[in-house]
Amino acid sequence: MADPAHSAGGEDEHTRFTSSSAIEWTTKPVTGFLQVCNEPILCSEEDEDVQLERRGDLLAPLKVNKWSRKLWAAVLAEFLGMTIFEIYGGNAPNSVAAYGNGITLGILVYITANVSGGHLNPAVTFATCLTGHTSWAKGALYVIAQVLGGIFGSLLGAVLIPWVHVGGGNSMPGCFTHEGGVTITMGQLFLWELIMTFVLVSTVYAVAVTKPGHGNIGPLAVGFSLFASAFIGGQFTGAALNPARVLGPAIVFHCYWNSAFVYVFGELFGGLLAAIIVLPLYGFGQFGSLLDTRIAGSLGIKIPEKHQHRWALHSDLTLL
């Protein structure tokens, strides 16, 4: 899930600047990052990415601006969360898999939300990067951590369960297939995963990313959305809804490689579809300023005012 929204913080006023390159911008008051925590590892007056962007670094959304403890804590949270999700979800009995996966995801989002935003899914991270709620650099680190978490969770499964071993093939736990229950075609597999992931990512936006949100019940709603999809679609695809959950077992156990990337692309397209629908409703997040507001405006998409300064060009400047 995405980074929690910034809450109202200090009211330090900043000055209006005009750059020598004829690009004009106005900065906004500094706001708190996470007021619910007290440790330096989780708190700062403002996210480092936003700080440098306010200073005029147009490429700030594409960078990891500071290798801070907070960033490493977030990446570690995504890795550990995905590891536990793979162990619990991948080894849940088929008869209660929907319950086990939905409850586990909800709990893990509660655990990681205040540290990393509780993404725990490359499709969620990909979508929030597209809508500017996560920087692309941080998103790339999250995805790497999530996939590694899926791999490590599968390896731990081989340690914890006597009959599970590395390279065990299609019979190993956590492996997803469209041929395990009601057999469907690859095209149907793609569409099922797209639709179910769209529902999951849309729920994330509705309860956690956009305002007003739904407070402390947000992670519960995300878990319920996975439960609902697994309850209905599990018989057809196993209801992965998560590229890291597919790739982890496939890499460790060498299972179902013929369909693994159909799952992955279906899930990423589901995230993309959710992002496309969210933009006209809620607008871009804090990292959306690299996108031209003139194009976005013609599509009816709102760019936050604090980011429109990047494109407030004087009449004598043409942006190619």
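Cut-offs and rules
- Residues numbered from 1 in each chain as written.
- Predicted model: local features only at pLDDT ≥ 70, side-chain atom pairs only at ≥ 80, totals over all residues.
- Heavy atoms only, no water.
- Disulfide = S-S within 2.5 Å.
- Helix = DSSP H or I, 4+ residues; strand = E, 2+ residues; numbered from the N terminus.
- Buried < 20%, exposed > 50% of the residue type's maximum accessible area, 1.4 Å probe, protein only.
- Phe/Tyr/Trp six-rings, centres within 6.5 Å; stacked < 30°, edge-to-face > 60°.

One pass over the full model with this rule turns up one disulfide. Here Cys-175 connects covalently by a disulfide to Cys-255, the sulfurs 2.1 Å from one another. Residues Cys-175 and Cys-255 are joined through a disulfide that is left-handed, its torsion about the S-S bond being -90°. Taken together, the positions of Cys-175 in the loop between helix 5 (136-160) and helix 6 (186-209) and Cys-255 in the loop between helix 8 (243-253) and helix 9 (257-282) put the pair 80 residues apart, joining distant regions of the chain. For the pair Cys-175 and Cys-255, one class covers both residues: buried.

A few words now on unusual backbone geometry. Generally, phi is negative for residues other than glycine and the peptide bonds are trans, each holding for most cases. For Leu-120, which is not glycine, the phi dihedral falls at a positive 55°. Along the chain, Leu-120 turns up in the loop between helix 3 (97-116) and helix 4 (122-130). For Leu-120, a relative accessible area of 1% corresponds to the buried category. In this model, Tyr-256 sits at a positive phi of 50°, which is unusual for a non-glycine residue. Mapped onto the fold, Tyr-256 is located in the loop between helix 8 and helix 9.

Inspection of the entire model under this criterion finds eight aromatic pairs. Ring geometry for Phe-126 versus Trp-136: centroids 6.5 Å apart, planes at 65°, classification edge-to-face. Within this pair, whereas Phe-126 is found in helix 4, its partner Trp-136 is found in helix 5, the two being separated by ten residues in sequence. We classify Phe-126 as partly exposed; its relative accessible area is 27%. When its relative accessible area of 39% is taken as the criterion, Trp-136 is described as partly exposed. Joined through ring pairs, the aromatic side chains of Tyr-99, Phe-227 and Phe-231 make up one cluster.

By the element assignment, Ala-244 lies in helix 8. Taking the C-alpha atoms as reference, Ala-244 lies 6.7 Å from Pro-122; in sequence the two are 122 residues apart.

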